Amino acid sequence: MHIFISVDIEGVAGVCESLQGQRGNPEYEVARRLMTEEANAAIRGAFAGGADAVTVADSHGPMRNMIAEQLDPRARLVSGRARPLSMIEGIHADHDGVVLIGYHAAAGNFGVLAHTVSGLAFRRIEVNGVRAGEPTLFAGHAAEIGVPLLAVSGDDRLEAEIAEQFPAARSITVKRCINAFASESMSPDEARERIEQDVCEAVEAAASTEVKAPCTPPLTVDIGFSKQIFADAAALLPFTERTGALDVRFVAKSHAEAIGIISSFSLMASALA
Ligand SMILES: [Zn+2]
């Protein structure tokens with residue numbers, strides 16, 4: 001059994017402000033260790049639950065945050081940026097389940113450090129009329145190729161989104177959202193214990209977990225950018241339709257295609273910012 005684990009930073013226990021996710025300051029050095037240890041807890045849980053192989057994707061910002069030499073050596077690590085499948089790069093149809101660690105609520109929703117793909121670029125993303133968070137896109141791709149979402153860790157607001165969009169997945173709630181930059185968090189130790197145990201149970205039940213994405217292709221993707229210049233640039237592409245001062249729409253034939261276009265919009269916004 002091969003399990004795929006994608007790890008972000010904003011939903012990790014003890015993380016609640018942007019500085020903790022940005023390179024070049026001591027807060028980040030602490031947060032990336034917390035991130036690595038939550039990944040390790042999930043890896044331990046996956047092997048205890050019956051996995052014989054685990055692939056981990058480092059999926060925050062530049063996608064090179066986790067400390068490779070501190071990661072459980074039984075896992076393979078996907079790291080580095082501008083990956084075709086972004087936060088879910090490395091997954092294939094032979095995987096038996098997906099676990100998302102350190103995830104957060106969607107852009108436009110209430111939640112600790114809530115955003116979708118890029119807080120700089122997007123204020124909202126909707127897919128087929130559904131408010132899209134990162135699980136909607138990335139676990140949506142996994143489901144499209146037949147791999148179920150097993151478990152997700154993050155705050156209580158993410159838990160509500162997962163309950164609605166992926167009812168078969170288990171939520172591991174490690175903190176309560178107070179606002180965008182404040183939370184009431186479990187201690188890192190308690191969070192790791194909870195993650196290890198819940199991932200173990202979720203992986204044990206992988207074979208009987210329903211495979212279902214909240215959205216089915218073709219995907220009509222509505223992007224609300226945070227600045228008009230970003231929408232101006234996106235609207236130059238022939239497959240987009242301008243739907244508002246800050247808004248464009250495009251239709252993708254798969255989650256993978258939507259992920260590629262959204263990732264390129266995010267890179268474009270970073271270059272323009
Ligand atoms: Zn994220």
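Position numbers for residues start from 1 in each chain and track the written sequence from start to end. In keeping with the model being predicted, local features are shown solely for residues with a pLDDT of at least 70 and side-chain atom pairs are shown and tallied solely at 80 or more, while totals for entire chains, interfaces and linings include all residues. Computation of side-chain values covers all heavy atoms of the structure but excludes hydrogens and water.

The chain is annotated in an unreviewed UniProt entry as M55 family metallopeptidase of Nitratireductor aquimarinus.

The disulfide definition used here is simple: a pair of cysteine sulfur atoms within 2.5 Å. Inspection of every chain in the model, using the stated rule, returns zero disulfides. Take Cys16: it sits in no disulfide, and the sulfur closest to it among the cysteines is that of Cys177, at 10 Å.

Another point: the coordination of the zinc ion. Donor atoms (N, O, S) are those found within 2.8 Å of the metal centre, with the cutoff raised to 3.2 Å for Na, K and Ca; water is not part of the atom list, so apparent gaps in a site can occur. Ligation of the zinc ion by protein atoms is provided by Asp8 (OD), His104 (NE2), Glu134 (OE) and Glu134 (OE), these donors lying 2.0 to 2.7 Å from the ion. Tetrahedral means four donors with every angle between 85 and 135 degrees, whereas square planar (four donors) and octahedral (six donors) require angles over 155 degrees between opposite donors and between 65 and 115 for all others; sites fitting neither are termed irregular. Considering all four donor atoms around the zinc ion, angles at the metal cover 52 to 144° and the coordination shape is irregular. Mapped onto the polypeptide sequence, the residues donating to the zinc ion form the spacing pattern D-x95-H-x29-E. Of the two residues, Asp8 is situated in the loop between strand 1 (2–7) and helix 1 (26–48) and Glu134 in helix 2 (residues 134–144); the sequence distance between them amounts to 126 residues. Relative accessible area serves as the criterion here: at 1%, Asp8 is assigned to the buried category. Glu134 gets classed as buried once you look at its relative accessible area, which sits at 1%. Helix and strand assignments follow DSSP, with helices taken as H or I runs no shorter than four residues and strands as E runs no shorter than two, numbered in order from the N terminus. The buried label goes to any residue with under 20% of its type's maximum accessible area, the exposed label to any with over 50%, and the partly exposed label to all in between, with areas taken from a 1.4 Å probe on protein chains only.

With that out of the way, let us pick up the sheet that holds strand 5 (residues 122–127). Here the rule is simple: two strands pair whenever DSSP picks up at least two bridges between them. Across the sheet, which stays open at both edges, the five strands sit in the order 6-5-10-12-11 with antiparallel pairing between neighbours. Edge positions in the open sheet fall to strand 6 (130–131) and strand 11 (241–244), since each of these has one partner strand only. The pairing of strand 10 (residues 219–225) with strand 12 (residues 247–252) spans six bridges and is classified as antiparallel. Opposite Ile223, over in strand 12, you have Val248 as the bridge partner.

Reading across from one edge, 3-2-1-4-7-8-9 is the order of the seven strands in this open sheet, with mixed pairing throughout. Two strands bound the open sheet, and with one partner strand each, they are strand 3 (75–78) and strand 9 (182–185). Pairs of neighbouring strands in the sheet enclose a mean axial angle of 25°, with direction left out of account. Relative to strand 8 (residues 170–179), strand 7 (residues 149–155) is paired through five bridges, and the arrangement is parallel. By the bridge assignment, Asp155 is partnered in strand 8 with Lys175. Each axis is a line fitted through C-alpha atoms, and for a helix only the stretch in contact is used; angles between axes span 0 to 180 degrees, taken between their N-to-C directions.

With that out of the way, let us pick up the pairing of strand 1. In terms of burial, strand 1 is a largely internal element, five of the six residues being buried. Strand direction decides the pairing type here: strand 1 and strand 2 (residues 53–58), joined by six bridges, are parallel. Across the sheet, His2 pairs through a bridge with Ala53, a residue of strand 2. A crossover links strand 1 with its parallel partner strand 2, the connecting element being helix 1, and its sense is right-handed. One ladder, built from five bridges, connects strand 1 with strand 4 (residues 97–101); its direction is parallel. The partner of Val7 across the bridge, within strand 4, is Ile101. The path from the first strand over the helix to the second decides the hand: if it runs clockwise while the strands point away from the viewer, the crossover is right-handed.

A separate point is the nonpolar core. As a rule of thumb, nonpolar side chains are buried together in soluble globular proteins. With 44 residues, the main nonpolar core has Val98, Leu149, Val221, Ile223, Phe225, Phe250 and Phe265 as its most contacted residues. The greatest single-element share of this core, amounting to six residues, is contributed by helix 6 (residues 255–272). Should any heavy atoms of two residues lie within 4.5 Å, those residues are counted as being in contact. Sequence-distant contacts of Ile223, that is, excluding residues within four places in its chain, are made with Phe122, Arg124, Ile125, Leu246, Asp247, Val248, Phe250, Ile262 and Phe265. Definition used in this section: a nonpolar core is a set of buried Ala, Val, Leu, Ile, Met, Phe, Trp, Tyr and Cys residues joined via side-chain atoms within 4.5 Å. Formed by 38 residues, the second largest nonpolar core is a distinct cluster that contains Ala41, Ile101, Ala151 and Val203.

Moving on, we get to the packing of helix 2 against helix 6. Angle between the axes and distance between the axes: these two values describe a pair of packed helices. For the pair helix 2 and helix 6, the least separation of the axes is 9 Å and the interaxial angle reads 150°. Between helix 2 and helix 6, the interaxial angle falls into the category roughly antiparallel. Considering the relative orientation of helix 2 and helix 6, their crossing is left-handed. Facing helix 2, whose interface residues are Thr136, Leu137, Phe138, Gly140, His141 and Glu144, helix 6 presents His255, Ala256, Ile259 and Ile262. Any residue outside Ala, Val, Leu, Ile, Met, Phe, Trp, Tyr, Cys, Pro, Asp, Glu, Lys and Arg is labelled polar, Gly included; the first ten of those are nonpolar and the last four are charged. Residues that form the contact of helix 2 with helix 6 fall into these classes: five nonpolar, four polar and one charged. Should an angle lie under 35 degrees it is considered roughly parallel, over 145 roughly antiparallel, and from 65 to 115 roughly perpendicular; all remaining angles are considered oblique. Crossings are classed by handedness, with left-handed meaning an anticlockwise turn of the near helix from the far one by less than a right angle and right-handed meaning a clockwise turn.

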